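For reference, the chains in residue letters:
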Amino acid sequence: MDFEDFEHKCADPACKLVFWCNPQNPTGRMWTEEELKRVGAIIEKYNLWVVSDEIHCDLIRCSRRHIPMAKVLDRYPKLITCMAPTKTFNMAGLAFSNIIIRDPALRARFQERDKLFGMVNPMSLTAAQAAYAHGGAWHEALKQYLDENFAFVKVFLERELPETVMYIPEATYLAWVDLSHCLPDVKDLPDFFANKAGVLLEGGDSLFVGNAKGYVRLNLAMPRAIIQTGLERMRDAIRKEQAGR
């Protein structure tokens, strides 16, 4: 992380708020405690609000440990932490999340303005409580399965498409894959794979950051057999495109 550039942006008088992603999405990067402390010190120095998006904090590689921003900024009042059971337990359709607001005045203001406050779907609330109270063993099994999915994808790409670049991320169920050397002339990778391979994926530069041309994000939270079918379709489409150059 470029801390000098980060501080330069925070020092701008027009800057009032930092949106922080921990673990980072789409790369799956887990920030170290030292990095979090440096970021936190800069945020405190310029008295900025910080919204820490930690929705992927439960989806980390086995044996790793998440460090929340709230642990580092343990007394800083201008911190908002956003979490949810929805991604971890595949309950996004229930539209339930946790927003932890330290500042009492801001919390009251949020409750006053939130049109859904006090109108939570009882099924969503019950499901979230059940997931947190009884989903521990399932969650551990999920992390193990995801670890194996990432290992499978990495081996497949190294064997079948050695021009790709992929590192197993420290968190999330999403693979961040560089295909720029495989398909340098394809401008719209999601469109290419949708129409040439029957695979739906997300393009790096169209959805995430401007300097991610050639990158795609693959969702690996599914049975390995489906992942294998998708990878084989992608491989065949890439080889066909390369043969026609």
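Residues numbered from 1 in each chain as written. Predicted model: local features only at pLDDT ≥ 70, side-chain atom pairs only at ≥ 80, totals over all residues. Heavy atoms only, no water.

### Considerations on the pairing of strand 3 (residues 79-83)
Operational definition: DSSP bridges decide pairing: two strands pair if at least two such bridges lie between them. In this description a helix means any DSSP run of H or I spanning at least four residues, a strand means any run of E spanning at least two, and both kinds are numbered starting from the N terminus.
Pairing geometry for strand 2 (residues 49-53) and strand 3, over 4 bridges, is parallel. Bridging from a neighbouring strand, V50 pairs with L79 of strand 3. As defined by bridge partners, strand 3 adjoins strand 4 (residues 98-101) across 4 bridges and the pair is classed as antiparallel. Of the residues in strand 4, the one forming a bridge with I80 is I101.

### Points about the pairing of strand 2
A regular strand places its side chains on the two faces of the sheet in alternate fashion. Defined as follows: Call a crossover right-handed when, viewed with both strands pointing away from you, the route from the first strand across the helix to the second goes clockwise.
Pairing of strand 1 (residues 17-21) with strand 2, which is carried by 5 bridges, proceeds in the parallel orientation. Along strand 2, the bridge assignment pairs C21 with D53. Between the parallel pair strand 1 and strand 2, the chain is carried across by helix 2 (residues 33-45), and the sense of this crossover is right-handed.

### Some words on the sheet that holds strand 2
To be explicit about the condition: In this description, a line fitted to the C-alpha atoms serves as the axis of each element, helices being fitted only across the stretch in contact, and the angle between N-to-C directions of two axes falls anywhere from 0 to 180 degrees. Here, two residues are considered to be in contact whenever any of their heavy atoms come within 4.5 Å of each other.
Across the sheet, 4 strands lie side by side as 1-2-3-4; this open sheet has mixed pairing. Where the open sheet ends on each side, the last strands, each with one partner, are strand 1 and strand 4. Taken over all neighbouring pairs, the strand axes of this sheet differ in orientation by 15° on average, direction set aside. Lying over the sheet, helix 4 (residues 104-113) contacts strand 2, strand 3 and strand 4, oriented at roughly 140° with respect to strand 4.

### Observations regarding the environment of L201
Mapped onto the elements, L201 comes out in the loop between helix 7 (189-196) and strand 7 (202-203). Distance in space between the C-alpha atoms of L201 and R217 is 6.3 Å, their sequence separation being 16 residues. Not counting chain neighbours up to four residues away, the residues in contact with L201 comprise L189, P190, F193, V216, R217, L218 and M234.

### Brief notes about the packing of helix 6 (residues 136-160) against helix 9 (residues 224-243)
Two quantities define a packed helix pair, namely the angle between the axes and the distance from one axis to the other. What counts here: Angle categories are assigned with fixed cut-offs, so that under 35 degrees is roughly parallel, over 145 is roughly antiparallel, 65 to 115 is roughly perpendicular, and the rest are oblique. Less than a right angle of anticlockwise turn of the near helix away from the far helix marks a crossing as left-handed, whereas a clockwise turn marks it as right-handed. Amino acid classes used here: Ala, Val, Leu, Ile, Met, Phe, Trp, Tyr, Cys and Pro are nonpolar; Asp, Glu, Lys and Arg are charged; the rest, including Gly, are polar.
Two elements in contact, helix 6 and helix 9, have axes separated by 11 Å at closest approach and are oriented at 20°. The angle between helix 6 and helix 9 places the two elements in the roughly parallel class. Relative to helix 9, helix 6 is oriented so that their crossing is right-handed. Where helix 6 abuts helix 9, its residues Y145, E148, N149, F152, V153, F156, L157 and E160 lie against R224, I227, Q228, L231, E232, R235 and R239. Grouping the constituent residues of the contact of helix 6 with helix 9 by class yields 7 nonpolar, 2 polar and 6 charged.

### Focus on the nonpolar core
Nonpolar side chains tend to gather and get buried jointly when the protein is soluble and globular. So the rule is basically this: Put simply, a nonpolar core is a bunch of buried Ala, Val, Leu, Ile, Met, Phe, Trp, Tyr and Cys residues held in one set by side-chain atoms that sit within 4.5 Å of each other. Buried, partly exposed and exposed residues are distinguished by accessible area as a fraction of the type maximum, computed with a 1.4 Å probe on protein chains only: under 20%, between the cut-offs, and over 50%, respectively.
With 26 residues, the main nonpolar core has L157, V177, L183, F193, L218, L231 and M234 as its most contacted residues. Mapped by element, the contributors of at least two residues to this core are helix 6, strand 6 (174-178), helix 7, strand 8 (215-219) and helix 9. In terms of residues, this core owes the most to one element, helix 9, which gives 5 residues. M234 has contacts with L179, F193, A197, V199, L201 and L218, leaving out every residue within four places of it along the chain. Core analysis: the second largest hydrophobic core is formed by 19 residues, F3, V18, L36 and V72 among them.

### Side note on the sheet that holds strand 5 (residues 165-166)
Spatial strand order, 5-6-8-7: 4 strands in an open sheet with antiparallel pairing. Among the strands making up the open sheet, the edge pair consists of strand 5 and strand 7. Here 2 bridges tie strand 7 to strand 8, and the two strands are oriented antiparallel to one another. Its bridge partner being in strand 8, E202 is matched across the sheet by R217.

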